[in-house]
Structures are given as C-alpha cells and as structure tokens.
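# Descriptive analysis of the structure
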Amino acid sequence: IMKKLLLLFAASIGLTLIARGQSPPYKSFQVNLTTGLDVPMYGNGTSSGVIAAIEPQYHLTDKFSLGFRIEEADLTFNIDPVNTWIFGTIDKEYGYVAYYCATGQYYFSKRAFIGGGLGFFKPSGINTNTDPNANATVVRDNTSKFGFFPEIGFEGGHFRMSVDYNVAGNNSNYLAFNIGFFIGGGKKK
C-alpha cells in the first residue's frame, strides 16, 4: 500500500510540474466588480434590493481560480402592523447583509463556470424571527454568522454575469443576480 501511495504522489507531482510548465493562455490575476439584484427568500412582504461586490481572484490554472469576495446586499421587509409584534409604528424595515467570503471557481470551455464561497455574513438592521404566537418580530442584530453560497455564471471579454444563492442565516438568505466586468484576467496576447 505504501508503494502505491508513493507512486500516486510522485505521479501527481509530475503532472503538476508538466501542467505548470505550459504557458497559460489566461492572465493570472483579475478583480471582479459586479452589481445586481437580490431577492430575499424569507416569507411574504420582502422586496428586491441592490447588491454590490468586489472580488480579487488568482487563477491557479486556466480552469481553477481562488479569490476573496466582499459584498453588500440591501434587503427590504414590508411590515404588517396587524400581524407583526413591534414597538411603535413602522411599515417597512430596511437593512443589509454584508459578507466576506473565500471563493473558488471552476471554468468550463467558453468560460462558463461554477463556484462558491465560504465565510462570514453579517446581517444588519433586519432580523426576522418568530415569536411564540407565530407573529413576525423585528429585531436588530449585527451578529456575524458563518455562511456559504453556490454560484454559476459566465465570462466573456471582460464582461461577467452570475447567479448565486446566499445562505446568510437569521432568515436573511437571498438569491442574487449579478452583472459586471473584471479588470485584468482575460486572454494573454
């Protein structure tokens, strides 16, 4: 068994060196700048908001990149005073979710990709819970939660678009439709 493991290890090192010896046709470093629309996934009375993100990436190979994304998504919850337990009068509650995630993407031919990220999501201003009487309550909560997102998308030229589902916790999950561009990256000339 040990000989097989050593042989497998040596073969993987050799393949890595061969792959690294070839000149990649894509530039190694890029910065993604995107904006888009978020769709909150919690209950009734939510409305879409705007998102903005920046994501530096390093392409380990033409097929795989690692990065770090910072994003903010605005969320709006319509508050029904009859069925909502709150202090005072309010008809809408606004807030946002900011997150900081390590990301990875795998590129297929024609620059379609799948990917995802893991990191910390920080809902601010909105936290919708359920009280014992099954009425929504509005609570302010700035606690960072561990979360993740899967993503699919496409890059062409310096244009980029993607869709991801963000699991942010505290009933602040949202679907995001992103569009933007990237600086750097692209094919080598």
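Counting restarts for each chain, with residues numbered from 1 along the sequence as it is written. Note on the predicted model: pLDDT of at least 70 is required for a residue's local features to be given, and 80 or more for side-chain atom pairs to be given and counted; whole-chain, interface and lining totals, by contrast, use all residues. To obtain the side-chain values, all non-hydrogen atoms of the structure were included, while hydrogens and water were left out.

## Things to note about the overall build of the chain
What counts here: Secondary structure elements are defined from DSSP: runs of H or I of at least 4 residues count as helices, runs of E of at least 2 residues count as strands, and each element is numbered from the N terminus. Each residue is placed in one exposure class: buried if its accessible area under a 1.4 Å probe, protein chains only, is under 20% of its type's maximum, exposed if it is over 50%, and partly exposed if it falls in between. Note on definitions: a residue-residue contact is assigned when non-hydrogen atoms from the two residues lie within 4.5 Å. Accessible areas in this description were obtained via Shrake-Rupley with a 1.4 Å probe; residue shielding takes into account the shown protein chains only.
A count of helices and strands for the chain gives 1 helix and 12 strands. The N-to-C order of helical and strand elements in the chain reads α-β-β-β-β-β-β-β-β-β-β-β-β. Out of the 189 residues in the chain, the part that is buried amounts to 36%. Put simply, of all contacts in the chain between residues at least 6 apart along the chain, 59% involve residues at least 24 apart. Entry remark: accessible area of the chain is about 11000 Å², with carbon and sulfur atoms responsible for 68%.

## Some remarks on the nonpolar core
Note the threshold: As used here, the term nonpolar core means buried Ala, Val, Leu, Ile, Met, Phe, Trp, Tyr and Cys residues forming a set that is joined through side-chain atoms within 4.5 Å.
Counting 11 residues, the largest nonpolar core is built from Ile51, Ala73, Leu75, Val97, Tyr99, Cys101, Phe121, Phe149, Ala168, Tyr174 and Ala176. At the level of elements, β4 (64-78), β6 (92-107) and β12 (174-184) are the ones that each hand at least two residues to this core. With 3 residues, β6 is the largest single contributor of residues to this core.

## Let's talk about the environment of Ser162
Within the secondary structure, Ser162 is located in strand β11 (residues 159-166). Overall, the relative accessible area of 6% leaves Ser162 in the buried class. The sequence separation of Ser162 and Phe177 amounts to 15 residues, and the corresponding C-alpha distance is 6.2 Å. Setting aside its immediate chain neighbours within four residues, Ser162 contacts Phe113, Glu151, Ile152, Gly153, Ala176, Phe177 and Asn178.

## A word on the packing of aromatic side chains
Selection rule: Pairing of aromatic side chains here covers Phe, Tyr and the six-membered ring of Trp, requires ring centres within 6.5 Å, and sorts the geometry by plane angle: under 30 degrees stacked, over 60 edge-to-face, intermediate tilted.
A full pass over the atoms with the stated rule returns 5 aromatic pairs. Centre to centre, the rings of Tyr107 and Phe113 are 5.6 Å apart; their planes meet at 55°, and the pair counts as tilted. Residue classification places Tyr107 among the buried residues on the basis of a relative accessible area of 0%. With relative accessibility at 2%, the residue Phe113 sits in the buried group. Look at Phe120 and Phe146: their rings are 6.2 Å apart centre to centre, the planes differ by 80°, and that puts the pair in the edge-to-face class.

## Some thoughts on the pattern of salt bridges
We apply this condition: Here, a salt bridge means any Lys or Arg side-chain nitrogen found within 4 Å of an Asp or Glu carboxyl oxygen.
All chains considered together, the criterion is met by 7 salt bridges. The salt bridge partner of Glu55 is Arg69, with a shortest N-O separation of 3.2 Å. Placement of the pair is Glu55 in strand β3 (residues 49-59) and Arg69 in strand β4, with a sequence separation of 14 residues. For Glu55, a relative accessible area of 2% translates into the label buried.

## Considering the side chain of Thr34
When you line up the elements, Thr34 lands in strand β1 (residues 29-40). Residue Thr34 is classed as buried on the basis of its relative accessible area of 14%. Not counting chain neighbours up to four residues away, the residues in contact with Thr34 comprise Ile51, Ala52, Ala53, Arg160, Asn178, Ile179 and Gly180.

## Re the environment of Phe113
Mapped onto the secondary structure, Phe113 falls in strand β7 (residues 112-124). Taking the C-alpha atoms as reference, Phe113 lies 9.3 Å from Phe64; in sequence the two are 49 residues apart. If we skip the residues at most four places from it in the chain, Phe113 touches Gln105, Tyr106, Tyr107, Phe108, Glu151, Ile152, Gly153, Phe154, Glu155, Arg160, Met161 and Ser162.

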